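The primary structure of each chain is shown beneath.
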Amino acid sequence: MAEKHFASKRFAEKSQRVLIYVILTVISVIWLFPFFYLIMQSFAKVSNPKSIFPVEWTFDNYKTLFTSDTRPFLNWWLNTFLIALATAVLQTIFVLATAYALSRLRFAGRKGLMKLILILGMFPGFLGMLVNYYLLQLLGIDGSMFSLIIVYFASSAMSYYIAKGFFDTVSRSLDEAVMIDGGSKNTVFWRIILPLSKPIIIYTILISFTSPWGDFMFGNFIAGSSRTMTSADYTVAVGLYKITDMSEFGVFCAGAVMVSIPITALFFWLQRYYVEGIAGGAVKG
Amino acid sequence: MTKLQYLSLTKPERVLVDLGNFFRNFGKGILNWFKSIPLKLLKFWNHTLSVPFKTLEKAMTKGNWWVRGNFLVFGLYQIFHKEIARGILYLLYEVVFIWFFIRTGLPYLQKLGTLGTLSLTSHYMVDPSSGVADGTFATGDNSFTILLYSIVTIFLALLFVVLWYFSIRDAKSLYDNTLVGKMSNNKQFFKDLVDSKYHTLLLAVPLVGLVAFTIIPIIFMVTIGFTNYNGAERITLFDWVGFDNYSLLFSGFSNGGANVVGIFFKILAWTLLWALIATFTNYFLGMVVALLINKKGIKLKKLWRTVLIFTIAVPQFVSLMLINRMLDVNGFLTDLFVKFGWVPAKVSPFQNATLARVIIIVINTWVGVPYTMLISSGILMNIPEDLYESARIDGASSFKMYRSITLPYMLFITGPYLLSQFVGNINNFNIIYLLSHGEPSFSLDKKLGYGDPGETDLLITWIYKMSMESGSTKNYAMACVLGVLVFLVIAFFSLIFYGRTGAVKNEEDFS
Amino acid sequence: MASLKLEHIYKVYPNGHKAVSDFNMDIKDGEFIVFVGPSGCGKSTTLRMIAGLEDISSGELYIGDTLVNDMQPKDRDIAMVFQNYALYPHMTVYENMAFGLTLRKVPRTEIHEKVMWAADVLGLTDYLDRKPKAMSGGQRQRVSLGRAILRNPKVMLLDEPLSNLDAKLRGQMRSMISKLHQQLKTTFIYVTHDQVEAMTLGTRVVVMKLGRVQQIDTPQNLYDHPINKFVAGFIGTPQMNFFNVTLQEEKDGVYVKWSDCEQAPLKLSKQQLLKAEKKYLQGKLPIVLGFRCEAISAEEEELSKGDNIVDVTISHFEELGNETLIYGDLKEIEGLGGESTTSVIIKAPNKLGHVPGDVIKARVNVEKIHLFDAESEMTIIPPVPDHNVLPVTIENEKMDLFGVSTKPESIPVDFLKNGTVSLPLDALKVGEGEVDAKVILVEEHREARIALVKAADKELFVEVGEKVKAGDKIKFAVDYSRATFRDENDKLVASPLAERDNLFAQFVNLKTAFAVTENESFNKIRDDRVNEVNARYEKLEADLAAEKEAKLAEAAALQEQKAPQVIEKQAELKTKENEANLKLKELKAKYSRDVKEAKAKHKQIYKDEMAKINEQYKKMKEDEKRDYKQSMMNNRDRESRRQRRLAYSIFRESFPQMKANDIERKTNSLEFDKETELNGLKAHFSQNKNFLKAEIKGEQDKFKEEYYPLESASKLYANKEKELAKKKEDDLLHAQLIFFFKYETKYQLIPDAITNRIIQGLGNKVFTKTFRVEVPHNGFKEDKDGLEFKVVSFVNYGDVKMYKCTGELFGEKVVVYINQERDIQLGEKVKLIPDLEKTQIYENELNIRLY
């Protein structure tokens, strides 16, 4: 008797596992299909969006990307790369500095500052875009794509929360130990806390590097409103957004693929830190 | 109602009682909040508000002449007292402010009342030789810059007063120290900067960035809500109109005759519905997928997770524009829909409102689920194992375990995350704008004229259309009004949730 | 190594809560002090105030003899061991220990030396290159101890260092710490809530409760003579047994009557309760009887003594191996319930053959009992009683105390039938006065030397000097102003005169004082001090200038004399430098060769090891497969086949994991060896490099010293002058800091020592506070511009004469008692000023004692 019971339990478990595998494969297909479709379309000579596989395979979509001057993909890519690099560095410094100050240093107005940032986060951001553009003009650096950098990292202190969550986990007695050993708060930050927070630093760099690639709203606005900009000055996002009509769908797909490859590679290389950041950060909310 | 009676009720009754309590406490909460206002004001007055005046009066009477000098020249006493670095910093700000105030601040402030009277003949100075506008502004008033500069000036003036008070208070305490024999010197200032006052060093620049590129724009946005600037061209004259925009939104009809209020409430309802559905679908589906992947016997866990992370890795805007193209009139998915018969051929799926909304929600789960899956699997991993073991000993089925251990634990941990996700979805611009661009537009007999929002438009996308997209229906002031309303809605929800979820309150115990 | 002084240390939080109040202690050099007490009693706060991690609200903290109140933790030359070790997780043990020294820019070779010394003291030599997370709790604690030792601090602070360790390790670490204390001879201050650690480690133990010091004494004194019930209960395991009792004095001794239990009363000798106040012995006041588990025994030879027997019903046993604790209850009086205390713990060598539930006899050894006043919880037989209570009757101007004598008329009592008078010990001055007494016995105590004397028919305790022995005859005087009279039912009849009179004053600086009074003498004080300082420095500057003159001349002469050989010496130096550089280059080359070689070697070892493991696991897999096939073939029984198949599938499933673990372990250890070797090479190379560099530099300095003495000498003196000027400026400033106490209209100069104390406590808030100056009766001096008082009456306390004077201060009537040598007529106006040295000065609002 025992054997039968033992078998049926194992059988139920096995079938449950099979069912889960099926569900997971279906989910994977759904999630991966659009990218598969994207890659296929990027090789289609005549863009026929209806069929998955291109009627005729060709490479000239990619060729047009690098040759045509109406769609100077290389310039776009370089512009965005430079902007993303600058934003990554500056934004990480701002975020880590604010997060460290708010998490470990006790000063008057600390709670007030955190509440202020919370409230500011509730306003829809881009209404102020017009004003930012004007402020940049006031400072004389409007028009060019590099004013984007300033807009991206200027108010990055707002996204201090996840880094603060991480700094809170480091125990306070380390600070006291250093103070007794003879270091100042600056030594604590540079020689103790930073070396310990490698995961969160990489997470912040990753996030601040990838966000400029995805933003087209402000770029689109600057492109629209300044007269001196040619298409060579666009960022990738703005450039691709401007390819609207379906006839150039293949070129769009090629452009999209070329953009996604470096970012996705970077992402998988640093995946461990990203997961840690999200799980850690989310837990602290 | 004692605890015992409460427990003896059946489940639905208990829920009713809970709801009753929730609203009663909520009401009571508001009531005693109001009752405590006079007390709070009094406490606020003699603790914080009157302190500055007392110190000023003490500084004037008890300080020596150098301290009194500080009333006029910032940092005078500090410099005299060999705290040169601090003194110069104060002095520098005073000089810069006065120069700025006289050169640009004052002229613009004077025009603030009327927002400019000199109307412009032409927008730009025309270059006589080529006859093409050479990009420099013609003289004459431009209300936009007037408003902007006056806000900046007012902000700097406030800062001026605050620094004036700080420099005097600082001088007074330094003077007291000398009386008692404690001398401080310049070196101490720099040593403090790295040690006890390290936060000022760290926060100075980020805060300046925050003020310039977030706080001033928001103040500007709120003030524009009270003018009639429709944002068509930047060099125009517009005037204060007080609360007309707000009253128009809530009662009146637009000049095109369409019923604005009806549209507003429809969009508000859809925004809240959308935020609710989007948050919970993502949250539960993400958790279910995480549970499936993390189940004990399942192999290749890393593979499934990497597949889903792929969607996060690819920039969101690329995948969204791709799907938008796939949903184009003769796109791939539309073709599928036609085959399934959901949509008549040759018609974009976004024409029918309900189908458009369903599509948006599905696409949103497609984008959002991997993100919540990561979070849930992160939390699932550190649910203490002994909870499950003890449940298994008590003979709980896997579903019972899920409901009584996993779900409550997850809900408690991700409480604040859920709220921030809900707020995020209210402002979720990309999904709507890139996918449906707000289609289908309202079937209206009369012309609306405010950015012509569509049925799937959220408040946020409607604001974008009204303020940024060109065309005659542009109305920047109304967009700002809507912006303020969005803030109020979010603030309302956050207050309720934040008040209840302890996560924010016991932030100290987490660390 | 340094002593530590804490005077009136207060820690008051902004919301007014006093975490630590009036902490006074003198810690001598090399002592091992333990702060012990329940959590939240302020022991950690006090430690952190000493470390400088929390600022001191008021009071003074001296390390060695320097005041450290405002000093940064790093300048106080202290080291601290934290409860959770506070090791830097990303640094190796070596770096952790050396971090403090690297911050102090100590040369690398010296650091290396010191770390090696500390490592072998703590037995950490072979863990130096490990990361903290790879080490056990005990090892980590030793690393943080090592880090602390390396600072060779004046004072070593330990904040509950052992509470995170398991019991066995805690024992080892305790002995390690006390061994360290003997070895280093540094002053240790150790905070713990575990009284076992306190008793074993401390030379002196401070028991604290709710921010107040309960008792400071050696562990043994705490164990034997606790001053209150809290200390008695806290010290010693298992906890002391407490019972509610009352004391009844009979002819043949004092009987202890049980209030809660139905037991025969215990009999104490009168001698034991001599120091107790009589009021406790009337059987009225509730007393708490306390005795430890070894003071009660159920063994035969103790029971045979017969007296003080109680019967105990046993509830359970606790066997600790070398002894057994018998838990039981004394028989309870029915119907009491509530607060009754009947449980008792008895220590016995073994179970004595008893079983739970038996009723046994046990004898209480009355020599080892403690008695506490139930309400104040203080002991009623203190080693040094602070006052004597004697019976007295007063009738028509006569008082029968110490032989009938006339009653000093200052005592307002005319008639008192068998009341009592309480005379504080310091109101009885031996050596003068007319009461004579015979010394019965003398007792030696740490605070004082007291004697039991018999005067007339009364026995009382007095404080005596060194020479007095039992049997001597002595005379003593009585200061009746301090006596308290009570009638037979203990109602207060006459209370003593307050020890001190209160004056209220404000703290005012010279400028404001002068502005109000225009009294030239104030400025004169300042001018004298300034002139005095200037004069002193003029002399110093003159000496320095003369010395400089002589030294420079001598150096110049030396330089001429050496001039000719300079060129030749310089060349010689050059060759030495080149030689050293050559050696350096060679060293670098050798170092990089060694590193390359070591890396190659390790790579090769790694390859071989991996091959070996793969080989081993491949063979294991094949054997298992062959064995499985074999058993499948020649085994027909279905059940064992199925078992074998199951075993095989489990093996197949766990095989990769096993292999992976093995590989990982192997790579880790190989990696570790490689790392240690490379580190060793690097340390060796940098050591030699530094050595060479130091050599060259030494040569250059020697050359410069010898051949250009003028330059170095003048630099030396320039520094000296600058330093002197700075010191002069400081002294001048401090000289002008003159402050006064302002009693409404009159001003009194405050001596420097007291001014520093007050400013130290309150900083620049000093001007806003009001101060309470408590002046003892003999603390007043006559001064022409003192406060005006009118002498109202003359009070005669036997040999002490007091004048009662009243005056006006801040609108209130002030009564002051002064005893002056010259006799003053009643109604006379007299000008008085308090002698600040003798007074106690309190900050009035928060009642913080400053001086």
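Above: the structure in question.
Being a predicted model, the structure only gives us computed values, none of them experimental.

Here we look at the overall build of chain B
Okay, so step 1: Per the secondary structure count, chain B includes 21 helices and two strands.
Okay, so step 2: Among the 511 residues that make up chain B, the fraction classed as buried is 46%.

Brief notes about the packing of aromatic side chains
Okay, so step 1: Under the counting rule described, the total for this entry stands at 55 aromatic pairs over all chains.
Okay, so step 2: Note on Phe264(B) and Phe265(B): the rings are 5.1 Å apart at their centroids and 70° apart in plane angle, and the pair reads as edge-to-face.
Okay, so step 3: You can call Phe264(B) buried: its relative accessible area is 3%.
Okay, so step 4: The class for Phe265(B) is partly exposed, based on a relative accessible area of 42%.
Okay, so step 5: Their ring planes at 20° and their centres at 6.1 Å tell us that Phe280(B) and Phe284(B) sit as a pair that is stacked. Pair noted here: Phe280(B) and Phe284(B) are both in helix α10 (residues 260-294), with a separation of four residues, about one helical turn.
Okay, so step 6: On the basis of relative accessible area, Phe284(B) is assigned to the partly exposed category, the value being 33%.
Okay, so step 7: An aromatic cluster is defined as three or more aromatic residues linked by ring pairs; in this entry it consists of Tyr100(A), Phe166(A), Phe167(A), Phe189(A), Trp190(A) and Tyr198(B).
Okay, so step 8: Sitting over the face of the ring of Trp270(B), Arg357(B) holds its NZ or CZ atom 4.6 Å from the ring centroid.

A few points about the sheet that holds strand β15 (residues 296-297) of chain C
Okay, so step 1: Ordered in space as β15-β19-β16-β17-β18 (chain C), the five strands form an open sheet in which the pairing is antiparallel. Sheet topology places β15 and β18 (343-348) of chain C at the edges, where each strand pairs with a single neighbour.

Some details on the pattern of salt bridges
Okay, so step 1: The final tally for this structure, using the stated rule, is 36 salt bridges over all chains.
Okay, so step 2: For Glu54(C), the salt bridge is made with Lys11(C), and the minimal N-O distance between the two is 3.7 Å. Residue Glu54(C) is found in the loop between α1 (43-51) and β4 (58-63), and its partner Lys11(C) is found in strand β1 (residues 4-12); the two are separated by 43 residues along the sequence. One exposure class covers both Glu54(C) and Lys11(C), and it is buried.
Okay, so step 3: Taken together, the shared-partner salt bridges in this structure form one network comprising Glu176(A), Lys11(C), Arg48(C), Glu54(C) and Asp55(C).

Topic: the environment of Leu103(C)
Okay, so step 1: Examined against the element boundaries, Leu103(C) turns out to sit in helix α2 (residues 93-103).
Okay, so step 2: Other than its neighbours up to four places away in sequence, Leu103(C) contacts Asp181(A), Gly182(A), Gly183(A), Thr187(A) and Arg191(A).

Quick notes on unusual backbone geometry
Residue and element names in this part refer to chain C.
Okay, so step 1: In this model, threonine 237 is joined to proline 238 through a cis peptide bond whose omega is -10°.
Okay, so step 2: Relative to the helices and strands, proline 238 is located in the loop between α8 (229-234) and β11 (241-249).
Okay, so step 3: You will see that lysine 105, though not glycine, has its phi angle at about 60°, which is positive.
Okay, so step 4: The topology assignment puts lysine 105 in the loop between α2 and α3 (108-122).
Okay, so step 5: On the basis of relative accessibility, which here comes to 72%, the residue lysine 105 falls in the exposed class.
Okay, so step 6: The backbone of lysine 185 shows a phi angle near 60°, a positive value even though the residue is not glycine.
Okay, so step 7: The topology assignment puts lysine 185 in the loop between α5 (167-184) and β8 (187-192).
Okay, so step 8: Here lysine 185 falls in the exposed class, since its relative accessible area comes to 54%.

Let's talk about the interface of chain B and chain A
Okay, so step 1: Each partner contributes residues to the interface: chain B has 96 residues there, and chain A has 95 residues.
Okay, so step 2: Summing both sides of the interface, chain B and chain A together bury roughly 9000 Å²; the carbon and sulfur share of this comes to 78%.
Okay, so step 3: One can count three residue pairs in polar contact (both at pLDDT 80 or more) joining chain B with chain A.
Okay, so step 4: For the side of chain B that touches chain A, the leading source of residues is helix α8 (residues 198-224) of chain B, giving 18 residues.

Quick notes on a positive patch on the surface
All names here are of chain C.
Okay, so step 1: On the surface, a cluster of positive charge is contributed by Arg593, Lys596, Lys599, Lys603 and Lys607.
Okay, so step 2: The residue lysine 603 is located in helix α11 (residues 520-633) in this model.
Okay, so step 3: By relative accessible area, which is 58% here, lysine 603 ends up exposed.

Side note on the interface of chain B and chain C
Think of interface size as the accessible area that goes away when the parts come together; that is how it is often given.
Okay, so step 1: Contact residues are listed per partner, giving 11 residues for chain B and 13 residues for chain C.
Okay, so step 2: Interface area for chain B against chain C, summed over the two sides, is near 940 Å², with a carbon-plus-sulfur share of 59%.
Okay, so step 3: When the buried area of chain B at its contact with chain C is split by residue, Leu179(B), Val180(B) and Lys182(B) rank highest and sum to 50% of it.
Okay, so step 4: The tally of links from chain B across to chain C stands at zero residue pairs in polar contact (both at pLDDT 80 or more).
Okay, so step 5: Of the residues belonging to the side of chain B that touches chain C, the class tally is four nonpolar, four polar and three charged.

A short note on the pairing of strand β32 (residues 739-743) of chain C
Residue and element names in this part refer to chain C.
Okay, so step 1: Within β32, four of the five residues are buried, leaving the element largely enclosed by the surrounding structure.
Okay, so step 2: Here four bridges tie strand β31 (residues 500-509) to β32, and the two strands are oriented antiparallel to one another. Across the sheet, asparagine 509 pairs through a bridge with phenylalanine 739, a residue of β32.
Okay, so step 3: Counting the residues between successive antiparallel strands, the hairpin from β32 to strand β33 (residues 746-749) contains two residues, one of them, glutamate 744, with a positive phi of roughly 50°.

Description of the sheet that holds strand β25 (residues 428-444) of chain C
All names here are of chain C.
Okay, so step 1: With antiparallel pairing, four strands are arranged side by side in an open sheet as β27-β26-β25-β28. Bordering the open sheet on either side are β27 (458-463) and β28 (473-478), each of which pairs with just one other strand. Direction aside, neighbouring strands of the sheet carry axes that sit 50° apart on average.
Okay, so step 2: Sheet topology places strand β26 (residues 449-455) next to β27; six bridges connect them, and they run antiparallel. Following the sheet pairing, alanine 455 is matched in β27 by lysine 458.

Remarks on the environment of Asp414(C)
All names here are of chain C.
Okay, so step 1: Looking at the secondary structure, you find aspartate 414 in the loop between β23 (405-406) and β24 (416-424).
Okay, so step 2: Along the chain, aspartate 414 and methionine 399 lie 15 residues apart, while their C-alpha atoms are 9.6 Å from each other.
Okay, so step 3: Excluding its chain neighbours within four sequence positions, the residues that come into contact with aspartate 414 are Ile394, Glu395 and Asn396.

Procedures and definitions
- Residues numbered from 1 in each chain as written.
- Chains lettered and ligands numbered in written order.
- Predicted model: local features only at pLDDT ≥ 70, side-chain atom pairs only at ≥ 80, totals over all residues.
- Heavy atoms only, no water.
- Helix = DSSP H or I, 4+ residues; strand = E, 2+ residues; numbered from the N terminus.
- Buried < 20%, exposed > 50% of the residue type's maximum accessible area, 1.4 Å probe, protein only.
- Phe/Tyr/Trp six-rings, centres within 6.5 Å; stacked < 30°, edge-to-face > 60°.
- Lys NZ or Arg CZ within 6 Å of the ring centre and 35° of its normal.
- Pairing = 2+ DSSP bridges.
- Salt bridge = Lys/Arg side-chain N within 4 Å of Asp/Glu carboxyl O.
- Contact = heavy atoms within 4.5 Å.
- Buried area = accessible area lost by both parts, 1.4 Å probe.
- Polar contact = N/O pair within 3.5 Å; in protein donor to acceptor, adjacent residues only side chain to side chain.
- Patch = residues over 30% accessible without salt bridge, like charges linked within 9 Å, V, L, I, M, F, W, Y side chains within 5 Å.
- Areas by Shrake-Rupley, 256 points an atom, 1.4 Å probe, with all protein chains shown as cover.
- Lys, Arg positive; Asp, Glu negative; His and termini not counted.
- Charge placed at Lys NZ, Arg CZ, Asp CG, Glu CD.
- Nonpolar A, V, L, I, M, F, W, Y, C, P; charged D, E, K, R; others polar.
- Axes fitted to C-alpha atoms, helices over the stretch in contact; angles between N-to-C directions.

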